[in-house]
Structures are given as C-alpha cells and as structure tokens.
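One letter stands for each residue in the lines below.
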Amino acid sequence: MSGSSFEIELRRTGRVVTVPADRSALAAVRDVVPTAEFNCLQGECGACVATVLEGTPDHRDTVLSERAKAAGKRIILCVSRSASDRLVLDL
C-alpha cells in the first residue's frame, strides 16, 4: 500500500473507519463489516466492488473499465484508495 490515510463512511450504518497508509480499504472495512466479500485481493476479480456515493476513488485495479474509473461510482476495495480525504460508500 502507498498513499496517505483517508476515511471511509459506511452510509448504511453511519460508521466511519480510517484507512491508514499501510492498510487496504478492504481490511479497514472488514474490521466493521466482517461479511464484506473478497476473493483475489489483487484487484483482478471484482468481488470486493463497492458503490461510491461521495468522494473520489484512486483506482489501482485492473477490473473496472477506463469509463467506469472515470465515472468514479465504483471502487475495488482490496487495492484502490481515495484521492479525497473521505469516501462515502453504500455499505
């Protein structure tokens, strides 16, 4: 992982988790939503995709198309990070 820390708000529960620079967004989300799905942990399968309600994802996956990345409405949690201080996800 590289980058700075950021927050993720889980809209369905209102919980906010901090994602440190050395952890994945998926790992931080799984601290409060242990049932969050995942598979490859390499950004190649799309199992951990989440819907972005607010914020700007920093895409580091190979799953989403360039068009989907540009739209900024989905994020692959296992490898992608945030270009904004906070992401609000539909989780």
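Details of the structure are given in the entry above.
Since we're looking at a predicted model, the values are computed, not measured. (Residues numbered from 1 in each chain as written. Predicted model: local features only at pLDDT ≥ 70, side-chain atom pairs only at ≥ 80, totals over all residues. Heavy atoms only, no water.)

**A look at the nonpolar core**
Then, number 1: Judged by nonpolar contacts, the single largest core of 22 residues is most densely connected at Ile8, Ile75, Leu77, Leu87 and Leu89.
Then, number 2: Put simply, the parts of the chain that give this core at least two residues each are β1 (6-10), β2 (15-19), α1 (25-32), β3 (49-54), β5 (74-76) and β7 (86-89).
Then, number 3: Considering every element that reaches this core, the biggest residue donor is α1, with four residues.
Then, number 4: Here Ile8 is in contact with Arg15, Val16, Val17, Val19, Ala25, Val29, Leu87 and Leu89, once residues within four sequence places are set aside. (Core = buried A, V, L, I, M, F, W, Y, C linked by side-chain atoms within 4.5 Å. Buried < 20%, exposed > 50% of the residue type's maximum accessible area, 1.4 Å probe, protein only. Helix = DSSP H or I, 4+ residues; strand = E, 2+ residues; numbered from the N terminus. Contact = heavy atoms within 4.5 Å.)

**Topic: the sheet that holds β2**
Then, number 1: The strand order β2-β1-β7-β3-β5 describes an open sheet built from five strands, whose pairing is mixed. Only two strands of the sheet have a single partner each, and these edge strands are β2 and β5. Ignoring strand direction, the axes of neighbouring strands in this sheet form an average angle of 40 degrees.
Then, number 2: Of the pairings in the sheet, the one linking β3 to β5 comprises three bridges and is antiparallel in character. Within β5, the residue paired with Ala50 across the bridge is Ile75.
Then, number 3: Contacting β1 and β2, α1 crosses the sheet at an angle of about 145 degrees to β2. (Pairing = 2+ DSSP bridges. Axes fitted to C-alpha atoms, helices over the stretch in contact; angles between N-to-C directions.)

**Focus: the environment of Leu89**
Then, number 1: Locating Leu89 in the fold gives a position in strand β7.
Then, number 2: Leave out the neighbours within four places in its chain, and Leu89 touches Ile8, Glu9, Leu10, Arg11, Ala50, Thr51, Val52, Leu53, Ile75 and Leu77.

**Looking at α1**
Then, number 1: Where α1 is concerned, the buried positions are Ala25, Leu26, Ala28 and Val29. Taken around the axis of α1, the buried residues stretch over an arc of 165 degrees, which confines them to a single face.
Then, number 2: Of the surrounding secondary structure, the elements contacted by the buried residues of α1 are β1 and β2. (Arc of directions from axis to C-beta.)

Purely geometric numbers; function is a separate question.
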